[in-house]
Amino acid sequence: QVKWKGKDLFDLVCRTLGLRETWFFGLQYTIKDTVAWLKMDKKVLDHDVPTEEPVTFHFLAKFYPENAEEELVQEITQHLFFLQVKKQILDEKIYCPPEASVLLASYAVQAKYGDYDPNVHKRGFLAQEELLPKRVINLYQMTPEMWEERITAWYAEHRGRARDEAEMEYLKIAQDLEMYGVNYFAIRNKKGTELLLGVDALGLHIYDPDNRLTPKISFPWNEIRNISYSDKEFTIKPLDKKIDVFKFNSSKLRVNKLILQLCIGNHDLFMRRRKADSLEVQQMKAQAREEKARKQMERQRLAREKQMREEAERTRDELERRLMQLKEEATMANEALMRSEETADLLAEKAQITEEEAKLLAQKAAEAEQEMQRIKATAIRTEEEKRLMEQKVLEAEMLALKMAEESERRAKEADQLKQDLQEARESERRAKQKLLEITSKSSYTQSMNSSTTALPTDLPSFSLISESLSFDFKDTDMKRLSMEIEKEKVEYTEKSKHLQEQLNELKTEIEALKLKERETALDILHNENTSRGNSKHNTIKKVS
């Protein structure tokens with residue numbers, strides 16, 4: 001509405017987002033190439049906003065926390081900071097070394113896609129994502145596939161982290177970057193030397209224009225007695241009166257107003273952090289702890305159900321595999337039974353043939369005996385005929401003897417064949433019995449399979465457990481939660497050490513692919529600081 005003040009519009013935006021930690025944010029607009037923030041106590045249309053419609057404001061974080069994990073309570077607040085810091089890193093407004101860029105990209109992927117699943121997140125799934133600053137991509141002779149492979153390797157290690165946890169891990173790493181949360185302004189000192197003034201949550205810092213990473217001198221908020229400006233001249237009075245007053249000039253009066261506005265806001269938050277939380281913040285933190293505990297219990301319940309479902313599926317697959325194995329055994333036993341029946345039929349047929357051959361030989365032997373008797377009876381009286389007859393008798397006797405031996409051998413062979421037939425029929429009987437046993441096992445396995453397959457549908461019994469739980473957190477619950485938080489802090493320290501080792505390992509791995517001629521001034525400065533062992537916080541302590 002035309003009569004609305006800045007606070008009315010700002011409150012409407014915050015209510016729409018469900019945001020309660022409003023002190024970090026503001027509505028930003030641009031006027032004559034200079035950034036400005038909407039004042040809460042001034043009418044919206046009384047500002048120097050552009051005259052063309054629609055009037056555009058950007059809802060952004062104006063002030064940054066010193067420690068994101070301790071200060072950012074609401075999930076929506078964490079998410080908005082994550083989006084803004086991520087954009088600043090990709091737009092290279094915040095310098096980020098290559099190895100840290102890869103790690104931050106892996107947390108951004110975890111926040112967007114959830115847990116890594118090789119069946120879903122196949123090669124090329126990050127092809128359309130903007131995850132790394134262009135400076136980092138151009139600095140190395142690496143293909144998009146090689147970057148994706150390294151990001152995915154770390155992404156897979158973040159399994160089990162929810163979106164808000166992944167975003168918080170992102171912010172915890174990003175807040176240690178030198179340019180995080182710093183607003184830079186071009187200034188001149190009394191001698192006319194061009195410098196940069198940096199305003200952030202820790203204090204005021206003076207930089208060389210070519211080095212935005214390492215301040216030449218810093219004024220922590222607790223060591224500043226007064227800040228003021230007159231026209232374009234800005235004055236910083238230290239708390240220690242022995243230290244000289246620092247004066248500088250900015251390019252525009254509007255810039256001085258913005259600097260003072262940021263100084264007042266950051267100083268107020270700096271002092272608020274060192275006091276006991278207000279009742280509102282205490283309530284918000286209590287609600288956040290309860291919500292975190294509730295989500296944790298919900299995740300544990302879902303994890304248990306998922307584990308039970310996976311175990312049921314594994315059991316079902318095992319039973320199905322066993323059933324298929326039994327079916328194969330039954331088929332093989334059936335085939336063996338058919339072969340046994342065929343063998344028995346062949347043996348029976350052969351035994352019958354052998355028995356008939358034995359009868360035929362016996363008949364021929366009888367006929368030979370009769371012929372011998374007839375020859376003896378009709379023997380010729382003459383000596384020559386007698387000799388010939390004796391010779392024939394002898395031959396007939398030998399033939400009869402051979403016939404008798406062959407008949408006996410055939411009879412034995414027939415007995416042996418009968419015995420083989422009996423054994424074959426016994427094998428057939430055993431095969432049939434085994435087939436019956438396998439068939440009974442198959443029916444039992446199928447019943448087990450049906451009962452196990454139905455197991456996931458019975459899983460909602462866990463909901464009874466969750467329904468019976470009470471979220472009435474008592475002192476014992478809060479003490480337990482506090483102990484868990486302390487435990488998490490210890491684990492985080494260990495993880496930080498492990499994380500640094502991983503970053504160093506990745507840096508060593510990709511160092512061989514770096515194109516030295518493409519290094520920017522900030523890359524060179526960052527490498528020098530790293531080799532000296534300088535970090536954001538110990539540098540500020542040295543120059544304070």
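The written sequence of each chain sets the order in which its residues are numbered from 1. In keeping with the model being predicted, local features are shown solely for residues with a pLDDT of at least 70 and side-chain atom pairs are shown and tallied solely at 80 or more, while totals for entire chains, interfaces and linings include all residues. Excluding hydrogens and water, the side-chain figures rest on all heavy atoms present in the structure.

Caption draft 1: Here's a closer look at the pattern of salt bridges. Salt bridges are defined by distance alone: a side-chain nitrogen of Lys or Arg within 4 Å of a carboxyl oxygen of Asp or Glu. By the definition in use, this model includes 23 salt bridges. For the salt bridge of Glu75 with Arg163, the shortest nitrogen-to-oxygen distance reads 3.7 Å. Residue Glu75 is found in helix 3 (residues 75-90), and its partner Arg163 is found in helix 7 (residues 163-174); the two are separated by 88 residues along the sequence. A single network of salt bridges, built from pairs that share partners, joins Glu66, Glu71, Arg273 and Arg274. Elements are defined by DSSP. Helices are runs of H or I of four residues or more, strands are runs of E of two residues or more, and each kind is numbered from the N terminus.

Caption draft 2: Structural context of the sheet that holds strand 1 (residues 25-31). Strands were regarded as paired on the criterion that DSSP finds at least two bridges between them. As summarised here, the arrangement of the 3 strands in space is 2-1-3, forming an open sheet in which the pairing is antiparallel. Looking along the sheet, the strands with just one partner apiece sit at the ends: strand 2 (34-37) and strand 3 (58-61). Along the sheet, successive strands turn relative to each other by an average axial angle of 45°, direction set aside. Contacting strand 1 and strand 3, helix 3 runs over the sheet at an angle of about 100° to strand 3. The contact criterion used is simple: two residues touch if any of their non-hydrogen atoms lie within 4.5 Å. Fitted lines through C-alpha atoms serve as axes, helices being fitted only where they are in contact, and the angles separating the N-to-C directions of these axes extend from 0 to 180 degrees. Across the sheet, helix 8 (residues 253-273) lies against strand 1 and strand 2, angled at about 45° from strand 2, the strand it touches most.

Caption draft 3: Region of the structure containing the packing of aromatic side chains. Each Phe, Tyr or Trp ring (for Trp, its six-membered ring) is paired with any other whose centre lies within 6.5 Å, and the angle between the two planes then decides the class: stacked below 30 degrees, edge-to-face above 60, tilted in between. Considering all chains together, one arrives at 18 aromatic pairs under this definition. Here the aromatic rings of Phe24 and Phe81 are separated by 5.6 Å at their centres, their planes lie at 85°, and the arrangement is edge-to-face. One end of the pair, Phe24, is in the loop between helix 1 (6-17) and strand 1; the other, Phe81, is in helix 3, and 57 residues separate them in sequence. Phe24 gets classed as buried once you look at its relative accessible area, which sits at 2%. Between the aromatic rings of Phe125 and Tyr155, the centroid separation amounts to 6.2 Å while the plane-to-plane angle is 35°, which identifies the pairing as tilted. Here Phe125 is found in the loop between helix 4 (98-113) and helix 5 (134-139), whereas its partner Tyr155 is found in helix 6 (residues 144-155), with 30 residues between them in sequence. Three labels apply to residues, based on accessible area from a 1.4 Å probe with only protein chains included: buried if under 20% of the type maximum, exposed if over 50%, partly exposed otherwise in between. Owing to a relative accessible area of 0%, Tyr155 belongs among the buried residues under this scheme. The rings of Phe10, Trp23, Phe24, Phe25, Phe59, Tyr64, Phe81 and Tyr180 are connected pair by pair, giving a single aromatic cluster.

Caption draft 4: The arrangement of the nonpolar core in detail. Within the largest apolar cluster, 89 residues are counted, with the highest numbers of intra-cluster contacts made by Val85, Ile89 and Leu204. Residues within four places of Val85 in sequence aside, it is in contact with Tyr64, Ile94, Tyr170, Leu171, Ala174 and Tyr180. In this structure, Leu347, Ala351, Leu421 and Ala424 belong to the second largest nonpolar core, which totals 6 residues. Only buried residues count toward a nonpolar core, which is a set of Ala, Val, Leu, Ile, Met, Phe, Trp, Tyr and Cys residues joined through side-chain atoms within 4.5 Å.

Caption draft 5: Summary view of the UniProt feature "binding site: a 1,2-diacyl-sn-glycero-3-phospho-(1D-myo-inositol)" (unreviewed entry) in the chain. Mapped onto the present numbering, the UniProt feature "binding site: a 1,2-diacyl-sn-glycero-3-phospho-(1D-myo-inositol)" (unreviewed entry) falls at Lys39, Met40, Asp41, Lys42 and Lys257. Mapped onto the secondary structure, Asp41 falls in the loop between strand 2 and strand 3. Asp41 gets classed as exposed once you look at its relative accessible area, which sits at 61%. By the secondary structure assignment, Lys42 is in the loop between strand 2 and strand 3. With a relative accessible area of 33%, Lys42 lands in the partly exposed category. With sequence-adjacent residues up to four places away left out, Lys42 is seen in contact with Lys5, Gly6 and His47. UniProt positions are given in the numbering used here, feature names are shortened, and annotations may be inferred rather than shown by experiment.

Caption draft 6: The arrangement of the side chain of Arg135 in detail. Topologically, Arg135 is positioned in helix 5. Not counting residues within four places of it along the chain, the set of residues in contact with Arg135 comprises Glu92, Tyr95, Cys96, Thr520 and Asp523.

Caption draft 7: How the structure looks around helix 6. A helix is expected to span 1.5 Å for every residue after the first. With 12 residues, helix 6 extends 16 Å between its outermost C-alpha atoms, agreeing within 8% with the 16 Å of an ideal straight helix rising 1.5 Å per residue. Listed as buried for helix 6 are Trp147, Glu148, Arg150, Ile151, Thr152, Trp154 and Tyr155.

Caption draft 8: How the structure looks around the pairing of strand 2. Strand direction decides the pairing type here: strand 1 and strand 2, joined by 4 bridges, are antiparallel. If you follow Ile31 over to strand 2, its bridge partner there is Thr34. Counting the residues that bridge the hairpin from strand 1 to strand 2 gives 2 residues, and of these Lys32 lies at a positive phi of roughly 55°.

Caption draft 9: Summary view of the packing of helix 3 against helix 7. Interhelical geometry of helix 3 versus helix 7 gives an angle of 50° and a closest axis separation of 9 Å. When the axis of helix 3 is compared with that of helix 7, the two are oblique. The handedness of the crossing between helix 3 and helix 7 is left-handed. For the pair helix 3 and helix 7, the contacting residues are Glu75, Gln78, His79, Phe81, Phe82, Val85, Lys86 and Ile89 in the first and Arg163, Asp164, Glu167, Met168, Tyr170, Leu171 and Ala174 in the second. Tallied by class, the residues present in the contact of helix 3 with helix 7 amount to 8 nonpolar, 2 polar and 5 charged. Just so you know how the angles are binned, under 35 degrees is roughly parallel, over 145 roughly antiparallel, 65 to 115 roughly perpendicular, and the rest oblique. By definition, any crossing whose near helix is turned counterclockwise from its far helix by less than a right angle is left-handed, and any crossing with a clockwise turn is right-handed. In this count, Pro and Cys sit with the nonpolar residues alongside Ala, Val, Leu, Ile, Met, Phe, Trp and Tyr, while Asp, Glu, Lys and Arg are called charged and the others, Gly among them, polar.

Caption draft 10: Focus on the sheet that holds strand 9 (residues 233-238). Reading across from one edge, 7-6-5-4-10-9-8 is the order of the 7 strands in this open sheet, with antiparallel pairing throughout. Of all strands in the sheet, those with a lone pairing partner are strand 7 (217-220) and strand 8 (224-230), marking the two edges. When strand polarity is set aside, the average angle formed by the axes of neighbouring strands in this sheet is 30°. Across 4 bridges, the pairing between strand 5 (residues 194-199) and strand 6 (residues 203-207) is antiparallel. Looking at the pairing, Leu197 lines up with Ile206 of strand 6. Contacting strand 4 (183-188), strand 5, strand 6, strand 8, strand 9 and strand 10 (246-250), helix 8 crosses the sheet at an angle of about 160° to strand 8.

Caption draft 11: Structural detail: helix 7. A rise of 1.5 Å per residue sets the reference length of helix 7, with its 12 residues, at 16 Å; its end C-alpha atoms lie 17 Å apart and thus fit the reference within 8%. Considered for burial, the residues of helix 7 that qualify are Asp164, Ala166, Glu167, Met168, Glu169, Tyr170, Leu171, Lys172, Ile173 and Ala174.

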